[in-house]
Amino acid sequence: MQQVSKGPDRSTAVLYGIFILLSATFGLSVGIGATRVVAAIIFVVALFWLSRFWRIGVSALLLLGCFDGVIKYTHGSPGVFMLKDLTLLGILGGMLVMLAIRPERKPVGSWHGLWAWLLYVGYIGAQALNPAAGLTGGLAGFRAHAFFAFLFVVGVVYFTNPRRLSRTAGVAIVGITLAAGAGIFQFLFEDLWTSLAPGLLVASHKFTSYFAGAGGISDLMGAVPRAYGTMVDPAALGAACAVGFIFAAAALARTKGLVRLLVIVGMLTMGVALLFSGSRASAAGVAAGLIAFVILSWRHSSMRLPATIALVLVVLTIPLGLKATGGSAGDRFTSSDNLSYAAQTRAVSTRRVLASVPTHPFGMGLGATGAGGRLSTHGQNTIAVDNLYLATLYETGVPGLLIFLVLQLTILILTIRCSKQAASLEARSVYIGMAAAQIALLVNGIWSQGAFDYAPVSQIFWLFSGAVALPKRVEGEAG
């Protein structure tokens, strides 16, 4: 006899009620300044709630990453900077509790790529103790580079059918689209945006490009704001839009009607926001990612239309963005002085990185290129290196760079293999989007050092990489 699905039991309803009640209390307390005590209560209850509903926490973490910047700029308390970390801890705790209670849900089989993941996390963990960095700086660097790598394990357990894979990709697309929309609003209505909070005013002043005239830096021709929206900076918004655009292009293969139209609107939004962010690295990344997307898609008839639409939308995005700003959005991409200055600063940092290798073959320590933010303690040894590979070399040495490249290549090969062997359109389209997005980030890394550290890109990459570890689980097991 077929069982009838029952609604939530009383304990579930109580958990939901407590969580909603305390969330409302937290919101009210922000207005009166009594956040510390309530925040502690929220933390305990949220961990308890996540232990019961850890799968919902996965989507919550992805969305939280999309609003990471605006939360920090409007509420700059130390606890706010740890929200993503605490959410991940709650997810891991809930997942472990579930596996202990329901052992039949444990993943069965050998995890593909696990050896590369262990090698990377293990080496970065050992680097946290590198005497070249302080312990605090090392831990901050580990958090930036490898803490969210534990989402790989979450992904292995979490993705149990193609529908969950595609729906989670949808959550990432929606979150990035909202962040992109906020970035467009911030760019076009700067005065209104900065009036929302003092922290946003400071951030907007920080993320403004100034263009020099014939007389050099003393002859400023003007300034153009760079969009960052709800993220920490324009580079983060640009990287997220690149990944979101490619994920959305893949989603066109599995959507129809109104949903497909909304996806197209989202792609235009992300494309314009990327242009407004002024992130040249992300622009190059999305170009490379789309080329990879077309190549990987063309062998499957169901993927050719999405690939064509994606290329058309990219062509439409540029004139649309330039028209909306009278052409000012393109100044950062075309200013010869701006490009020359960027090339000169990169040349200086490159020489310094290469000069450090003979004396520090195992690196200068995590955080030496600024990873870890304000928790980093390197002082004068901290340098800005706008190159992912040189930054990895400077922080972790030759072994660290080689291990990072091996990890990336392993995951990319596994993802492409999964896209070829996938039995369902849902899984195939997500895998193709994942592979193309990873290539976009790898190209982005040539001119940016934080491609795999930024929220929500870091969380998206590590979570979805877990899906390729046990592809048969994704394709065949009921969720």
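Here is a short report on the structure shown in this document.

Cut-offs used in this document
Residues numbered from 1 in each chain as written. Predicted model: local features only at pLDDT ≥ 70, side-chain atom pairs only at ≥ 80, totals over all residues. Heavy atoms only, no water. Axes fitted to C-alpha atoms, helices over the stretch in contact; angles between N-to-C directions. Helix = DSSP H or I, 4+ residues; strand = E, 2+ residues; numbered from the N terminus. Parallel < 35°, antiparallel > 145°, perpendicular 65-115°, else oblique. Left-handed = near helix turned anticlockwise from the far one by under 90°. Contact = heavy atoms within 4.5 Å. Nonpolar A, V, L, I, M, F, W, Y, C, P; charged D, E, K, R; others polar. Salt bridge = Lys/Arg side-chain N within 4 Å of Asp/Glu carboxyl O. Buried < 20%, exposed > 50% of the residue type's maximum accessible area, 1.4 Å probe, protein only. Core = buried A, V, L, I, M, F, W, Y, C linked by side-chain atoms within 4.5 Å. 1 Å grid on protein atoms, 1.4 Å probe; cavity = no way out; pocket = protein on both sides within 12 Å on 5 of 7 lines; lining within 4 Å. Points joined across faces, edges and corners; volume = space filled by probe spheres on them.

Turning our eyes to something else, we now look at the packing of helix α18 (residues 388-421) against helix α19 (residues 425-444). At a minimum axis separation of 10 Å, α18 and α19 run at an interaxial angle of 155 degrees. When the axes of α18 and α19 are compared, the pair comes out roughly antiparallel. Considering the relative orientation of α18 and α19, their crossing is left-handed. On α19, the residues that touch Tyr-389, Gln-408, Ile-411, Leu-412, Thr-415, Ile-416, Cys-418 and Ser-419 of α18 are Arg-428, Tyr-431, Ile-432, Met-434, Ala-435, Gln-438, Ile-439 and Leu-442. Among the residues forming the contact of α18 with α19, the class breakdown is eleven nonpolar, four polar and one charged.

Another point: the environment of Gln-408. Residue position: Gln-408 is located in helix α18. Residues Gln-408 and Tyr-120 lie 288 residues apart in sequence; the distance between their C-alpha atoms is 10.0 Å. When residues no more than four places from it in sequence are discounted, the contact partners of Gln-408 are Gln-438, Leu-442, Phe-452 and Phe-461.

In contact at an axis separation of 6 Å, helix α8 (residues 151-158) and helix α20 (residues 457-465) are set at 50 degrees when each is read in the N-to-C sense. When the axes of α8 and α20 are compared, the pair comes out oblique. The handedness of the crossing between α8 and α20 is right-handed. Taken together, the residues of α20 that come into contact with α8 (itself represented by Leu-151, Phe-152, Val-154 and Gly-155) are Gln-459, Trp-462, Leu-463 and Ser-465.

Here we take up the pattern of salt bridges. Counting across every chain of the model gives five salt bridges. For Asp-85, the salt bridge identified is with Arg-143, shortest N-O distance 2.7 Å. Pair noted here: Asp-85 is in helix α5 (residues 83-101) and Arg-143 is in helix α7 (residues 135-145), with a separation of 58 residues, a long-range link. Residue classification places Asp-85 among the buried residues on the basis of a relative accessible area of 4%. The salt bridge partner of Arg-163 is Glu-426, with a shortest N-O separation of 3.0 Å.

Moving on: the nonpolar core. Val-154, Tyr-431, Trp-462 and Phe-464 are the most contacted members of the largest nonpolar core, which has 124 residues in total. Residue contacts for Phe-464: discarding those within four places in its chain leaves Phe-159, Leu-165, Thr-168, Ala-169, Phe-247, Val-430 and Met-434.

As a further point, take unusual backbone geometry. The omega torsion of the bond from Ala-455 to Pro-456 falls at 0 degrees, within 30 degrees of zero and hence cis. Mapping Pro-456 onto the fold places it in the loop between α19 and α20.

This brings us to empty space enclosed by the protein. Any empty space left between atoms is shown by rolling a water-sized probe over those atoms. Considering all chains together, one arrives at three cavities of 30 Å³ or more under this definition. Here the largest cavity defines a volume of roughly 130 Å³. If you go around the largest cavity, you meet 14 residues; those closest to its centre are Phe-247, Met-434, Gln-438, Ile-460 and Phe-461. Counting only elements with at least two residues in the lining of the largest cavity, the list comes to α12 (234-251), α18, α19 and α20. The class makeup of the residues in the lining of the largest cavity is eleven nonpolar, three polar and no charged.

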